[in-house]
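The chain contents come next:
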Amino acid sequence: MTGFVPTDRPPAAPARLVDDFTPALIDVGAHHLCPGCGEPVAMRSALEAIDELGLTRRAIAVFGIGCYTAFSNNLDVEVLQALHGRAPSVATGVKRARPDAIVFTVQGDGDMVSEGLQEVLHTAARGESVTCIMLNNGVFGETGGHMSAATVVGQRTKTSLEGRDPVLHGRPILLASLLAHVDGAAYVARGLVNSAGNVARTKKMLLRAFEAQERRAGFSFVEILTMCPTGWFIETEEAPVYLEDNLAAVHTPGVLKDEVDR
Amino acid sequence: MTDTAVPARRLLHGSEAIAEAMIAAGCRFFSGYPMTPFTEVLEHMARLLPSVGGTCMNAESELEAVGMAWGAAATGTPAATGSTGQGLSLMQESLAEITLARLPLVILDMARAQGDYYQATRGGGHGDYRHIVLAPADSAEAVTLIRLAFDLAERWRNPVLVMGDYYLAHTARSVTIPGPVDRAVPAWGLDGSSGGSGKAKLISFLGSAKQRDDVGYDLAAHYADCAAHTSTMSREVEPLAEVTGTADAEVVVVAFGTPARYVQAAVRELRSEGLAVGTVRPITLYPFPAEAVARAADGARAVAVYENNQGQMVDDVRLAVLGRAPVEFIGGLSLDSSGFGIAPDLDVRVLKERISRVAAS
């Protein structure tokens, strides 16, 4: 009868608190990101993948700068904090010096697509044996909701008040789609974390990406669409649907390339 | 061939001597982007590093070059990067944060002329930090200072910049490369193995303390630590200078790097002509050898500063002299169109005239 919770009598065990679900590799149960933010669950999925693959004692995370940087000093894997945009080359240096480590970056769309596009492209082209994870919410969340190179057409930000206009602001760069065409990339996928099912699918992508690195298949990349109700200027509970209707309609989820078994 | 205990003297171009000296000093990671007159150092590192199990990356830009060196340095691997002053401009954001992350790194600045003295000695990037700066006057000294640079970087967990120039890079000279040193992997170096234990290592320019019961970094505590470190390092690193003939000098000339050799030649001739001139050649540009300059200035009628720029080190000389004697700038811009400082300005006859003018005033 596992999974069945009778409702006609008091529970046999006390209700489990959110703290009980703190993943093994995050030291602090709390975070100070906004309610409804998708980054904590994306971060947790990446760490669960590391844990499940038994890579905890080989992993080195290289962080960019964004809201997710809040996690850089409370993880139970080794962390190297890099600058905005620069994590892929920093990760390259780590991996070249410690080839047996599992090296991954955590960056946002502002960090990776706006500030550091050339870094990730060159790292992919080199077939560098690292995994880059991009948390894409289509907005500069930490600065308070400004247009990034991944902001979709029509999306309102503080620097595109009437919505992103292709004539005025250009069109978004669809990074995963771009990287799928780079020869050095062995695995490229785009997931999203707006529902339990999508979180599970995204975690499978992360597992596969780390597997690609472990097997030295080449560069691996997982883009994760995350909710940012604060930076989207919408109600918290609207964010999962907004993500589906706006971001995911342009940055299409799915496995774009899998040459891990090649 | 027998194995000789004494390393042989060999005729090497400056760039090659520097590359060999870096490898002998334990450097096992190098990244750079081609740019004259830095390029040949990169070429030689690309050729030499693989044979000792090291890695040389021809990065896609100076931004990537410094990023890669940052990552390698964080693993505790003795690492270096470099460029000209122009390329270092691109690297400054990372160089500033690498310093605040307390990582050792050797930075080669194969500069054009001497216009990048401020950039080299003031850090060039944002934030409250200093780099140790060494300025060899020829490739033989560069070999010695490269070893010192890696030693100081390791000891202080701070970047050390070695400032050379076009002449140093491209002039061949007989040098002796010292024997290799083995550097132990430091305990703080990342290798992934400390995860899952509750003591996972963290290297961050925002702070080194892990938070166990709260979120966010304690930036105030970190910046206070960094300030204390910089203060101790600046006080304890021994300032170096080559001082000649200052005991009876009426005029003391201060110059650094290759141009200092021209100044020394001019001063030797002036001495033989009966003029009491001495020289101070700062070897560490930071910490600046202020005491050596001050002692030399005591009793002198004037201090002259020769640099191949509009006058930058002259500020440090004035701070060192502190009014003991008038300080006159006798240098000038590089006049060659390429900006390498191979100009009519850098000429013993010209230097003698300028020093004589100061002596006569």
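Just so we're clear, the structure is a prediction, and the values are computed from it rather than from any experiment. (Residues numbered from 1 in each chain as written. Chains lettered and ligands numbered in written order. Predicted model: local features only at pLDDT ≥ 70, side-chain atom pairs only at ≥ 80, totals over all residues.)

## Describing the overall build of chain A
Just so we agree on the cut-off: Secondary structure is summarised from DSSP: a helix means a run of H or I of at least four residues, a strand means a run of E of at least two, and numbering begins at the N terminus for each. In this setup the radius of gyration rests on C-alpha atoms only. A globule is expected at 2.2 Å times the number of residues raised to 0.38. Put simply, a residue is buried when 20 or more other C-beta atoms lie within 10 Å of its own C-beta and exposed when 12 or fewer do; between those, it is partly exposed, and each C-beta is set from the backbone. What counts as a contact is two residues whose backbone-derived C-beta atoms lie within 7 Å of each other.
What chain A contains, in helices and strands, is 9 helices and 9 strands. Taken over C-alpha atoms, the radius of gyration comes to 18 Å for chain A, in line with the 18 Å a tight globule of 262 residues would show. Along the longest, intermediate and shortest principal axes, the C-alpha atoms of chain A span 60 × 50 × 35 Å. Here chain A holds 262 residues, and the buried ones make up 54% of them. Restricting the contact set of chain A to residue pairs at least 6 apart, pairs at least 24 apart contribute 68%.

## What to know about the pairing of strand β4 (residues 79-83) of chain B
Residues and elements named next belong to chain B. Threshold: Any two strands are treated as partners once DSSP identifies two or more bridges connecting them.
Among the 5 residues of β4, 5 are classified as buried, and the element is accordingly described as predominantly covered. Here β4 shows a buried face lined by Ala79, Thr81 and Ser83 and a second buried face lined by Ala80 and Gly82. Summarising the sheet, strand β2 (residues 29-32) and β4 pair through 3 bridges and their orientation is parallel. In the strand pairing of β4, Phe29 is matched with Ala79. Note that β4 and strand β5 (residues 105-111) share 4 bridges and pair parallel. Considered in β5, the bridge of Ser83 is made with Asp109.

## Focus on helix α10 (residues 290-297) of chain B
Residues and elements named next belong to chain B. Condition: This arc describes the spread of directions from the helix axis toward the C-beta atoms.
Buried within α10 we find Ala292, Val293, Ala296 and Ala297. The buried residues of α10 all sit within an arc of 130° when viewed along its axis, so they share a single face. The elements touched by buried residues of α10 are β10 (241-244), β11 (251-254), β12 (277-282), β14 (302-305) and α11 (313-321). Positive phi shows up at Gly299, right after α10, with a value of about 90°.

## Concerning the environment of Glu259(A)
Following the sequence through the fold, Glu259(A) ends up in the segment after β9 (254-258). Considered as a pair, Glu259(A) and Cys228(A) are 31 residues apart in the sequence and their alpha carbons are 32 Å apart.

## What about the sheet that holds β14(B)?
All names here are of chain B. Applied cut-off: Between N-to-C directions, angles cover 0 to 180 degrees, with each direction set by a line fitted to C-alpha atoms, over the stretch in contact for helices.
Taking strand neighbours across the sheet as the criterion, the 5 strands line up as β10-β12-β11-β14-β15 in an open arrangement whose pairing is mixed. Each edge of the open sheet carries a strand with a single partner, namely β10 and β15 (327-329). Going across the sheet, the axis of each strand differs from the next one's by a mean of 20°, ignoring polarity. Looking at chain direction, β14 and β15 are connected through 3 bridges and run parallel. Bridge pairing in β15 places Val303 opposite Val327. Set on the sheet, helix α9 (residues 257-272) makes contact with β10, β11 and β12; between it and β12 the angle comes to about 165°. Against the sheet, helix α12 (residues 348-360) makes contact with β11, β12, β14 and β15, and its axis sits at roughly 140° relative to β11, the strand it touches most.

## Considering the domain arrangement of chain B
Residue and element names in this part refer to chain B. Inclusion rule: Marked domain ranges trace back to an automatic or database domain assignment.
For chain B, the assigned domains are domain 1 (9-176) and domain 2 (241-360). One C-alpha centre belongs to domain 1, the other to domain 2; they are set 26 Å apart. On the side of domain 2, 22 residues touch domain 1, which itself brings 22 residues to the contact. Counting residues per element, the ones that place at least two in the side of domain 1 that touches domain 2 are α5 (117-122), β6 (132-134), β7 (159-165) and α7 (166-170).

## Focus: unusual backbone geometry
Most peptide bonds are trans, and most residues other than glycine sit at a negative phi. Residues and elements named next belong to chain B. Geometrically, the link from Thr36 to Pro37 is a cis peptide bond, its omega value of 5° lying close to zero. The omega angle of the peptide bond from Tyr286 to Pro287 is -5°, so this bond is cis rather than trans. Looking at the secondary structure, you find Pro287 in the loop between β13 (284-286) and α10. Although it is not a glycine, Arg102 adopts a positive phi angle of roughly 60°.

## Concerning the interface of chain B and chain A
Threshold: Amino acids outside the nonpolar list (Ala, Val, Leu, Ile, Met, Phe, Trp, Tyr, Cys, Pro) and the charged list (Asp, Glu, Lys, Arg) are all regarded as polar, and Gly is one of them.
Facing the 42 residues of chain B at the interface are 37 residues of chain A. Of all elements in the fold, only β3 (55-58), α3 (62-74), α4 (85-100) and β9 (202-203) of chain B reach the threshold of two or more residues within the side of chain B that touches chain A. A total of 9 residues in the side of chain B that touches chain A trace back to one element, the largest contributor, which is α3(B). When the residues that make up the side of chain B that touches chain A are grouped by side-chain class, the tally is 16 nonpolar, 16 polar and 10 charged. Judged from the 2 bridges that link them, strand β2 (residues 78-81) of chain A and β9(B) form a sheet pairing that is parallel. Within the sheet, the bridge partner assigned to Leu80(A) lies in β9(B) and is Ile203(B).

## Comments concerning α12(B)
Cut-off, in case you're wondering: In a helix, the anticipated span is given by 1.5 Å times the number of residues less one.
Here α12(B) is 13 residues long and its end C-alpha atoms lie 18 Å apart, about the 18 Å a rise of 1.5 Å per residue gives. As for α12(B), its buried residues are in contact with β11, α9, β12, β14 and β15 of chain B.

## Some details on the packing of helix α2 (residues 87-97) of chain A against helix α4 (residues 117-125) of chain A
Residues and elements named next belong to chain A. Running from amino to carboxyl end, α2 crosses α4 at an angle of 40°, the nearest separation of the two axes being 7 Å. Listed contacts from α4 to Pro88, Ser89 and Thr92 of α2 are Glu119, Val120 and Thr123. Per-class residue counts for the contact of α2 with α4 are 2 nonpolar, 3 polar and 1 charged.

## A few points about the sheet that holds β4(B)
Hydrogen bonds along the backbone pair up the strands of a sheet, which may run parallel or antiparallel. Residue and element names in this part refer to chain B. Within the open sheet, the 7 strands sit side by side as β3-β2-β4-β5-β7-β6-β13. Their pairing is mixed. Both edges of this open sheet fall to β3 and β13, since each of them pairs with a single strand only. Direction aside, neighbouring strands of the sheet carry axes that sit 20° apart on average. Note that β6 and β7 share 3 bridges and pair parallel. By the bridge assignment, Leu134 is partnered in β7 with Val162.

## Some points on the pairing of strand β1 (residues 59-63) of chain A
All names here are of chain A. The buried fraction of β1 is high, at 5 of 5 residues. Residues Ala59, Ala61 and Phe63 point to one face of β1 and Ile60 and Val62 to the other, with burial holding for every one of them. Taken together, the 5 bridges between β1 and strand β3 (residues 102-108) define a ladder with parallel strand orientation. Among the inter-strand pairings, Ile60 is bridged to a residue of β3, identified as Val103. Pairing of β1 with β2, which is carried by 4 bridges, proceeds in the parallel orientation. Residue pairing in the sheet places Val62 in a bridge with Leu80 of β2.

## What to know about the packing of helix α1 (residues 14-24) of chain B against helix α6 (residues 139-156) of chain B
Residues and elements named next belong to chain B. Going by this rule: The labels follow the angle: roughly parallel below 35 degrees, roughly antiparallel above 145, roughly perpendicular from 65 to 115, and oblique for the rest. Crossing handedness is read from the near helix: turned anticlockwise from the far helix by less than a right angle, it gives a left-handed crossing, and turned clockwise, a right-handed one.
Running from amino to carboxyl end, α1 crosses α6 at an angle of 25°, the nearest separation of the two axes being 9 Å. Considering the angle they form, α1 stands roughly parallel to α6. Considering only the axes of α1 and α6, their crossing is right-handed. Between α1 and α6, the contacting residues are Gly14, Ala17, Ile18, Ala21 and Met22 on the first element and Ser139, Ala142, Val143, Ile146 and Arg147 on the second. Along the lines of polarity and charge, the residues of the contact of α1 with α6 split into 7 nonpolar, 2 polar and 1 charged.

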